[in-house]
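Geometric and topological summary
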Amino acid sequence: MRKISLFLFLLLLLFLLTGCWSSRELTDITIATTLGIDKIEDEFQVTLQVLNPNEIAGGANVTTQSPVSNYSETGKTVFEALRELTKVTPRKLFFSHLRLVVYGEEVAKEGIVDSLDVLVRDHELRTDFMVIIAKGSTAKTLMKAFTPLEKIPANKIIGSLESTHDFFGLGKLEHIDELISSIISKSKDSVLTGVYVKGDLDEGTKLQNVEKISPDALVYIDNLGIFKNDQLIGWFNEEESRGFNYITDEVKNSLESVDMKDGTLTVEIKKSNASFKLKNKQEIQVNISSEVSVADIDTSFKIENQSDVKQIEELVASKIEQLCQLSINRAKEMGTDVFGFGEYIEHFNHEKWKEWEGDWTEHFIEMPVKVNANVDLKNSGVIKKPFYYKIEKNRKEEQ
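Below you will find a few notes about this structure. Only a predicted model underlies this, so the values are computations on that prediction, with no experimental measurement involved.

A few words now on the side chain of Ser-187. Residue placement: Ser-187 occurs in the loop between α8 (176–184) and β7 (191–199). When its relative accessible area of 1% is taken as the criterion, Ser-187 is described as buried. Excluding residues within four positions of it along the chain, Ser-187 makes contact with Asp-337, Gly-340, Gly-342, Glu-343, Glu-346, Trp-353 and Trp-360.

Let's shift gears to the pairing of strand β5 (residues 100–104). Burial runs high along β5: five of the five residues are buried. Because side chains alternate across β5, one face comprises the buried residues Leu-100, Val-102 and Gly-104, and the other comprises Val-101 and Tyr-103, equally buried. Two strands pair when backbone bridges link them, and β5 and strand β6 (residues 130–134) are joined in this way by five bridges, in the parallel orientation. Bridging from a neighbouring strand, Leu-100 pairs with Met-130 of β6.

Empty space left among the atoms is revealed by rolling a probe the size of a water molecule over them. Tallied over the entire structure, the rule returns one cavity of 30 Å³ or more. Estimates place the volume of the largest cavity at around 50 Å³. Lining the largest cavity, in full, are Thr-34, Gln-49, Leu-100, Val-102, Leu-142, Met-143, Pro-153, Ala-154 and Ile-157. For the lining of the largest cavity, the secondary structure elements donating two or more residues are β5 and α7 (153–168).

Reading across the sheet, the four strands line up as β10-β11-β12-β13 and stay open at both edges, with mixed pairing between neighbours. Among the strands making up the open sheet, the edge pair consists of β10 (254–260) and β13 (369–379). Averaged over all neighbouring strand pairs, the angle between strand axes comes to 35°, with direction disregarded. As paired elements, β10 and strand β11 (residues 263–279) share seven bridges and run antiparallel to each other. For Glu-256, the partnering residue across the bridge sits in β11 and is Val-267. Strand contacts of helix α11 (residues 306–334): β10, β11, β12 (283–298) and β13, with the helix running at about 145° to β13, the strand carrying the most contacts.

Quick look at the packing of helix α5 (residues 113–121) against α8 now. At a closest axis distance of 11 Å, the pairing of α5 and α8 adopts a crossing angle of 135°. The pairing of α5 with α8 is recorded here as oblique in orientation. In terms of crossing hand, the pair formed by α5 and α8 is left-handed. For the pair α5 and α8, contact is made by Leu-116, Leu-119 and Val-120 and by Ile-176, Leu-179, Ile-180 and Ile-183, respectively.

Moving on to unusual backbone geometry. Even without a glycine there, the phi angle at Glu-41 is positive, about 55°. The residue Glu-41 is located in the loop between β1 (29–40) and β2 (43–51) in this model. Even without a glycine there, the phi angle at Lys-261 is positive, about 55°. Here Lys-261 lies in the loop between β10 and β11.

On to the environment of Asn-374. Looking at where Asn-374 falls in the secondary structure, it is placed in strand β13. Overall, the relative accessible area of 48% leaves Asn-374 in the partly exposed class. Asn-374 sits 85 residues away from Ser-289 along the chain, and the two C-alpha atoms are 4.8 Å apart. Once residues within four sequence positions are removed from consideration, Asn-374 is found in contact with Ile-288, Ser-289 and Ser-290.

On to the pattern of salt bridges, then. Across all of its chains, the model carries 18 salt bridges by this definition. For Lys-354, the salt bridge is made with Glu-357, and the minimal N-O distance between the two is 3.8 Å. Its relative accessible area of 54% is what places Lys-354 among the exposed residues. Note on Glu-357: relative accessible area 24%, which makes it partly exposed. Sharing partners across several salt bridges, the network here consists of Glu-105, Glu-106 and Lys-109.

Counting residues in each nonpolar core, the largest one holds 48 residues, and the members touching the most others are Phe-236, Val-286, Ile-288, Ile-312, Phe-339, Phe-341 and Ile-345. With 10 residues, the single largest contributor to this core is α11. Apart from residues lying up to four places away in sequence, Ile-345 is in contact with Leu-278, Ile-284, His-350, Lys-352, Trp-353, Trp-356, Trp-360 and Met-367. Among the nonpolar cores identified, the runner-up in size contains 33 residues, and Ile-37, Leu-93, Phe-95 and Val-118 belong to it.

What follows concerns helix α12 (residues 341–348). Those residues of α12 not exposed but buried are Phe-341, Gly-342, Tyr-344 and Ile-345. Projected down its long axis, α12 shows its buried positions confined to an angular sector of 160°, all on one face. Against the buried residues of α12 lie α10 (238–247), β11, β12, α13 (350–356), α14 (360–366) and β13.

Roughly 310 Å³ of volume is contained in the largest pocket. In terms of lining, the largest pocket is formed by 16 residues, of which the most central are Arg-83, Lys-92, Leu-93, Phe-95 and Asp-122. Elements supplying a minimum of two residues to the lining of the largest pocket: α3 (78–84), β4 (92–94) and α5. Looking at side-chain class alone, the lining of the largest pocket contains nine nonpolar, two polar and five charged residues.

Scoring rules and cut-offs
Residues numbered from 1 in each chain as written. Predicted model: local features only at pLDDT ≥ 70, side-chain atom pairs only at ≥ 80, totals over all residues. Heavy atoms only, no water. Helix = DSSP H or I, 4+ residues; strand = E, 2+ residues; numbered from the N terminus. Buried < 20%, exposed > 50% of the residue type's maximum accessible area, 1.4 Å probe, protein only. Contact = heavy atoms within 4.5 Å. Pairing = 2+ DSSP bridges. 1 Å grid on protein atoms, 1.4 Å probe; cavity = no way out; pocket = protein on both sides within 12 Å on 5 of 7 lines; lining within 4 Å. Points joined across faces, edges and corners; volume = space filled by probe spheres on them. Axes fitted to C-alpha atoms, helices over the stretch in contact; angles between N-to-C directions. Parallel < 35°, antiparallel > 145°, perpendicular 65-115°, else oblique. Left-handed = near helix turned anticlockwise from the far one by under 90°. Salt bridge = Lys/Arg side-chain N within 4 Å of Asp/Glu carboxyl O. Core = buried A, V, L, I, M, F, W, Y, C linked by side-chain atoms within 4.5 Å. Arc of directions from axis to C-beta. Nonpolar A, V, L, I, M, F, W, Y, C, P; charged D, E, K, R; others polar.

As structure tokens, this is what we get:
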């Protein structure tokens, strides 16, 4: 009797198992990976990059078709333009795998707030996609370029963003939720990484571009675009972008080169940490601690004792401070606190923030910001005397 009761109980459980009731067959949907947003007069132009499943999957069904396809339509709103795309896309659009949103530079200058709502309201969209700017061009133009090694251009751009950020200390990995948070904040402004196509764009739009040893066009990661509220107002150059990342604690690994004696010495930044402090309620102090190792010596300078190590540490620390100061000066010039100094004051000195909140931009511009960098040289390598030293010695002997 017990076995019969157990069997009936398990049988009833089967009716509660719904299985993949909401599944969608791959043959019924169009998977979007990249969304581009531009403006044509007073309408939004939306460009959608979608996958060609047969080309991505490989196997016997592979053809010479492109692994991705682009579709563009316009509308008074982004949502309307997306619905207009249903006229040209062969299947229902599926946005859950969206990885990248690209803003054309001109629409970013006008302001991006009108296009943000649909990106967070739609239940199909996750908030882990990145946002970038097509520097010097439209999103539609940038999305035309084929990229070598990666079949899906969005994967290439994201991979380059991550490697540039993690190993060179440039760029910022900005996701949609972080972007919106900084746009609506009164104490911090936004930055977005710029991306551009270098080379012959006409050739770069052809599939043959990725079949060459040296492609005619390549997608490059550029510097940081600076926002005031939701509008792009300017750009950091490379040095200012690196300084920004030191201040905002975004440097995981990077390099710095300094002039030493008759050449150049390069160190690898192994670790870097930054913190803020409001000193005497009138000055922001930025403290940066970095661990470095010697990566390359193109000079006759020799590391033989602790004073040599100290000299390297001081020179690298001075270089980091200079980069940070360049970034701070540029941000003050544009009147935008992209570092989050106001956010720090809001969290740790709320009384002072209430006093400054109404005109924080003016206080930010006038407030002194002092950067103190401390560098610890952990490793000088396995050789004491550089090859440069021996080669120069041999040259002098031969003369």
